[in-house]
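Each chain is listed here by its residues.
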Amino acid sequence: MESPQKLTLTPGACNALDVAKMLFAIVVVGIHQPIFSGEAYVATWLWMGRLAVPFFFITSAFLFFLRNPGPTELKKYVVRMLKLYGVWFVVMLPYTIQLRYVADYSVAGNIVHFLQLFLLDSTFRGSWFLSALLLSIPLVYYGERKLGMRWMLAIAVVVELFLLSYAWRFAMPTSVADALTAFTRGFPDVHCSFLAAMIYVVIGCIIARKWNVVSQLPVKRLWTAAVVLTAMMAVWIIVKEKCWHISTRTLLLVPAVTAIFLAVVRSEVNLKLPYRALRKTSTIVYISHFLFIFLLSRAQMYWWHSSLPDFARFAIVLGVSCALSALLIQLQKRPRMGWLKYTW
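Residues numbered from 1 in each chain as written. Predicted model: local features only at pLDDT ≥ 70, side-chain atom pairs only at ≥ 80, totals over all residues. Heavy atoms only, no water.

**Observations concerning the overall build of the protein**
Point 1. Counting its secondary structure elements, the protein contains 15 helices and zero strands.
Point 2. For the protein, buried positions account for 49% of its 344 residues.
Point 3. When contacts within the protein are restricted to residue pairs at least 6 apart in sequence, those whose partners lie at least 24 apart make up 80%.
Point 4. With an accessible surface of roughly 17500 Å², the protein has 68% of that area assigned to carbon and sulfur atoms. (Helix = DSSP H or I, 4+ residues; strand = E, 2+ residues; numbered from the N terminus. Buried < 20%, exposed > 50% of the residue type's maximum accessible area, 1.4 Å probe, protein only. Contact = heavy atoms within 4.5 Å. Areas by Shrake-Rupley, 256 points an atom, 1.4 Å probe, with all protein chains shown as cover.)

This is the structure:
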């Protein structure tokens, strides 16, 4: 297979991705520490939250494959991600033990349980994004070389259709629902695993491989498509959540988030903003906010759940997460503190 040329992005496009990642990180915080409640949350925040992690997957895959990586670059990427995973695993360890340790299991049983969570769920909260990238990026990398991108796309579509069927199993005939439930019995949440990342990593790879063509697409039309597809997805999710009370997973998410990514990466943002800091902060906020939600909810402060409104709780979690980001970024510049760069 002929090796594609190594490509790069304009500074303005990189800036646009950094801003979008930060905004979506804030959206994720608002999903796990709801910024609103009731119908207002469903109508404004729930559907936005469905876009965030898929956008992160496409962005990560796109930036990786855009450099036309070889085996050496893949190894460096995996090592880098393992360090990121490892640092936060240690930070989250007390929380993880309380959340994931099963007293009825033996030591060996808990190790198997941990490996199962690593592959098909989260060990510490939010870690599924990292483990999904660790597994799906190499799978797509080698799959493209062995099978070709068309086959990888076909496999990813089949996996996505399986996940959609599993999410909708309770709306299907009983025999189908029972079969899907039996097939996945004993598995953790497959929707929070590398399986859910496959379609988006493949899309990110395809966009990178076709960047010479994609970079010529008209920005206005891309934004129009993004708005229309996102509106369709939002209406679908709102109706399903309000009327049917079943999974909000939908195939509309795939074209919607793809259009958003294309519109963002084709945009030029040149405002005077600390883009490098935004890039680091988005990662730290995404991972660390789970810990602060846990700590604050366990602090037994009577006002946490009773007196403070939803937005105040959201603002506290987001504010503390951003403060931690700023602290880590500054501490990393000091002697013998360079290892802190592995927190982002």
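**Digging into the packing of aromatic side chains**
Point 1. Counted under the stated rule, the structure contains 18 aromatic pairs.
Point 2. Centroid distance Phe24 to Phe56: 6.5 Å. Interplanar angle 90 degrees. Geometry classified as edge-to-face. A residue pair is termed long-range when its members are at least 10 positions apart, and Phe24 in helix H1 (residues 11-32) and Phe56 in helix H2 (residues 39-66) qualify at 32 residues. Of the two residues, Phe24 and Phe56, neither departs from the other in class, the shared state being buried.
Point 3. Aromatic pair Tyr85 and Phe89: ring centres 6.4 Å apart, planes at 10 degrees, arrangement stacked. Remark: Phe89 and Tyr85 occur in helix H3 (residues 71-91); sequence separation between them is four residues, near one turn of the helix.
Point 4. Overall, the relative accessible area of 7% leaves Tyr85 in the buried class.
Point 5. Clustering of aromatic rings is evident, with ring pairs tying together Phe24, Phe55, Phe56, Phe57, Phe62, Trp128, Phe129, Trp211, Phe261, Tyr286 and Phe290.
Point 6. When the ring centre of Tyr141 is taken as reference, the NZ or CZ atom of Arg145 above it lies at 3.9 Å. (Phe/Tyr/Trp six-rings, centres within 6.5 Å; stacked < 30°, edge-to-face > 60°. Lys NZ or Arg CZ within 6 Å of the ring centre and 35° of its normal.)

**Focus on the packing of H1 against helix H15 (residues 310-331)**
Point 1. Viewed as axis vectors pointing N to C, H1 and H15 meet at an angle of 130 degrees, and their least axial separation amounts to 10 Å. For the element pair H1 / H15, the angle class is oblique. Judged by the twist between their axes, the crossing of H1 over H15 is right-handed. Listed contacts from H15 to Ile26, Val29 and Gly30 of H1 are Phe314, Val317 and Leu318. (Axes fitted to C-alpha atoms, helices over the stretch in contact; angles between N-to-C directions. Parallel < 35°, antiparallel > 145°, perpendicular 65-115°, else oblique. Left-handed = near helix turned anticlockwise from the far one by under 90°.)

**Observations concerning the side chain of Asn15**
Point 1. By secondary structure assignment, the location of Asn15 is in helix H1.
Point 2. Side-chain polar atoms of Asn15 contact the backbone oxygen of Val269, separated by 2.9 Å.
Point 3. Setting aside chain neighbours within four positions, we find Asn15 in contact with Val269, Asn270 and Tyr275. (Polar contact = N/O pair within 3.5 Å; in protein donor to acceptor, adjacent residues only side chain to side chain.)

**Quick word on the nonpolar core**
Point 1. With 106 residues, the main nonpolar core has Phe55 and Phe65 as its most contacted residues.
Point 2. Among the elements that take part in this core, H2 stands out by supplying 17 residues, more than any other.
Point 3. Excluding anything up to four places from it in sequence, Phe65 contacts Ile137, Val140, Tyr141, Glu144, Val201, Cys205, Ala208 and Arg209. (Core = buried A, V, L, I, M, F, W, Y, C linked by side-chain atoms within 4.5 Å.)

**Describing the pattern of salt bridges**
Point 1. Tallied over the full model, the rule gives four salt bridges.
Point 2. The residue Glu144 makes a salt bridge to Arg145 at a minimum N-O spacing of 3.5 Å.
Point 3. For Arg145, a relative accessible area of 33% translates into the label partly exposed.
Point 4. The partner of Arg313 in a salt bridge is Asp310, with the nearest N and O atoms 2.4 Å apart. One end of the pair, Arg313, and the other, Asp310, are both in helix H15, three residues apart, so they sit about a helical turn from each other. No difference in accessibility class separates Arg313 from Asp310, as the two residues are buried.
Point 5. Residues participating in the shared-partner salt-bridge network are Glu144, Arg145 and Arg209. (Salt bridge = Lys/Arg side-chain N within 4 Å of Asp/Glu carboxyl O.)

**Let's talk about the packing of H2 against helix H6 (residues 128-146)**
Point 1. The N-to-C vectors of H2 and H6 enclose an angle of 45 degrees; their axes lie 11 Å apart at closest approach. Judged by the inter-axis angle, H2 sits oblique to H6. Of the two elements, H2 crosses H6, and the hand of that crossing is right-handed. Of H6, the residues touching H2 (which contributes Val53, Phe56, Phe57, Ser60, Ala61, Phe64 and Phe65) are Trp128, Phe129, Ala132, Leu133, Ile137, Val140, Tyr141 and Glu144.

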